[in-house]
Every structure is written in C-alpha cells, then in structure tokens.
Amino acid sequence: MTAAAVAKVSDIPPGKMRPVEVDGLRVALCNVDGKIYAIEDVCTHDDGPLGEGQLVDGQAECPRHGARFDVKSGQATRMPAIMPVRTFPVRVEGDSIYVEVGHGD
Ligand code: FES
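What comes next concerns the included structure.

Definitions and cut-offs
Residues numbered from 1 in each chain as written. Predicted model: local features only at pLDDT ≥ 70, side-chain atom pairs only at ≥ 80, totals over all residues. Heavy atoms only, no water. Phe/Tyr/Trp six-rings, centres within 6.5 Å; stacked < 30°, edge-to-face > 60°. Lys NZ or Arg CZ within 6 Å of the ring centre and 35° of its normal. Core = buried A, V, L, I, M, F, W, Y, C linked by side-chain atoms within 4.5 Å. Buried < 20%, exposed > 50% of the residue type's maximum accessible area, 1.4 Å probe, protein only. Helix = DSSP H or I, 4+ residues; strand = E, 2+ residues; numbered from the N terminus. Contact = heavy atoms within 4.5 Å. Pairing = 2+ DSSP bridges. Axes fitted to C-alpha atoms, helices over the stretch in contact; angles between N-to-C directions.

Our focus in this paragraph is the packing of aromatic side chains. Summed over all chains, the structure comprises zero aromatic pairs. One residue, K35, lies across the ring of Y37, its end atom 5.3 Å from the ring centre. For R91, the ring lying beneath its charged end belongs to Y98, and the centroid distance is 4.6 Å.

Printed below as a string of structure tokens:
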C-alpha cells in the first residue's frame, strides 16, 4: 500500500470531481456533501474518464455514454456499465487528501 498526498480539499468543491494520478493509476476524487471519495477513473463500460464527467446524487456519470457509479461503493447504478469500479481509501489531513492504492489484485 502506498500513501501519497494527491490533491487539496479546497480544489474540489462539493458536488465536483477531479481526476488525479496516484502511482500510475487514474483516480477520480469526488466531493459528496463535503466528504471526499476516490474511485478508479476508468469506466468499466469502455474506459471512459469518469473524473471528467458529472457528479449526480453521489454518483459519477461517465461523460462518454452516461453510465453511473456510486462513488461510495463503486457499484454501477446505470447502464451501459454493469461491472463496478474500484474504490480506494481516502484520508484527509487539514487540506490535504491522501489516497491508498493497493496493487494486490
Ligand atoms: S465508456 Fe463509460 S459509459 Fe461507455
């Protein structure tokens, strides 16, 4: 497991997402009502960049074909995606966001 400060909370307003790279992985940081979540920034439908889409009711909407994923669980909530995206543990210290990405799977 690796911990790295990847962004600042103040850079991601509530209701917004921001794509970052953590140890070579594309990760989308999502601010839902002031709490930060991290999901893999690769849509399971056809690799769309989720972090460039919209955050709708706590779900990341893919900008390519409109699939949605619950950012807390990673579960796909709208077609055309079926498989979940990975989620990653987030730690906030002051204004700094740390994301743990494992490479074990
Ligand atoms: S690539 Fe995300 S919905 Fe198609």
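It is worth spelling out the nonpolar core at this point. Core analysis: the biggest nonpolar cluster contains 16 residues, and I39, L50, F69 and V71 have the highest contact counts within it. Those elements that place two or more of their residues in this core are strand 3 (25–32) and strand 4 (35–40). Among the elements that line this core, the one with the most residues is strand 3, at three residues. What L50 contacts, discounting residues up to four positions off in sequence, is M17, I39, E40, D41, V42, C43, E61, C62, P63, F69 and V85. Core analysis: the next-biggest nonpolar cluster, separate from the first, contains 14 residues, I12, V20, L25 and L29 among them.

Moving on: unusual backbone geometry. Backbone torsion omega between M79 and P80 reads 10 degrees, so that peptide bond is classified as cis. Among the secondary structure elements, P80 is positioned in the loop between strand 8 (76–78) and strand 9 (87–88). Non-glycine residue D23 carries a positive phi angle of around 50 degrees. Mapped onto the elements of the fold, D23 is located in the loop between strand 2 (17–22) and strand 3.

Next up on the list: the sheet that holds strand 4. The antiparallel open sheet is built from four strands, whose spatial order is 2-3-4-9. Edge positions in the sheet fall to strand 2 and strand 9, since each has one partner strand and no second.

Another aspect to go through is the sheet that holds strand 8. On the basis of which strands lie adjacent, the open sheet formed by four strands has the order 5-6-7-8 and antiparallel pairing. Among the strands making up the open sheet, the edge pair consists of strand 5 (54–56) and strand 8. Mean inter-strand twist for the sheet, computed between neighbouring axes without regard to direction, equals 35 degrees. Pairing geometry for strand 6 (residues 59–61) and strand 7 (residues 68–70), over three bridges, is antiparallel.

Let us now look at the environment of P13. Tracing the backbone shows P13 in the loop between strand 1 (2–8) and strand 2. Overall, P13 belongs to the partly exposed group, its relative accessible area being 41%. Distance from P13 to V101, taken between C-alpha atoms, is 23 Å for residues 88 residues apart in sequence.

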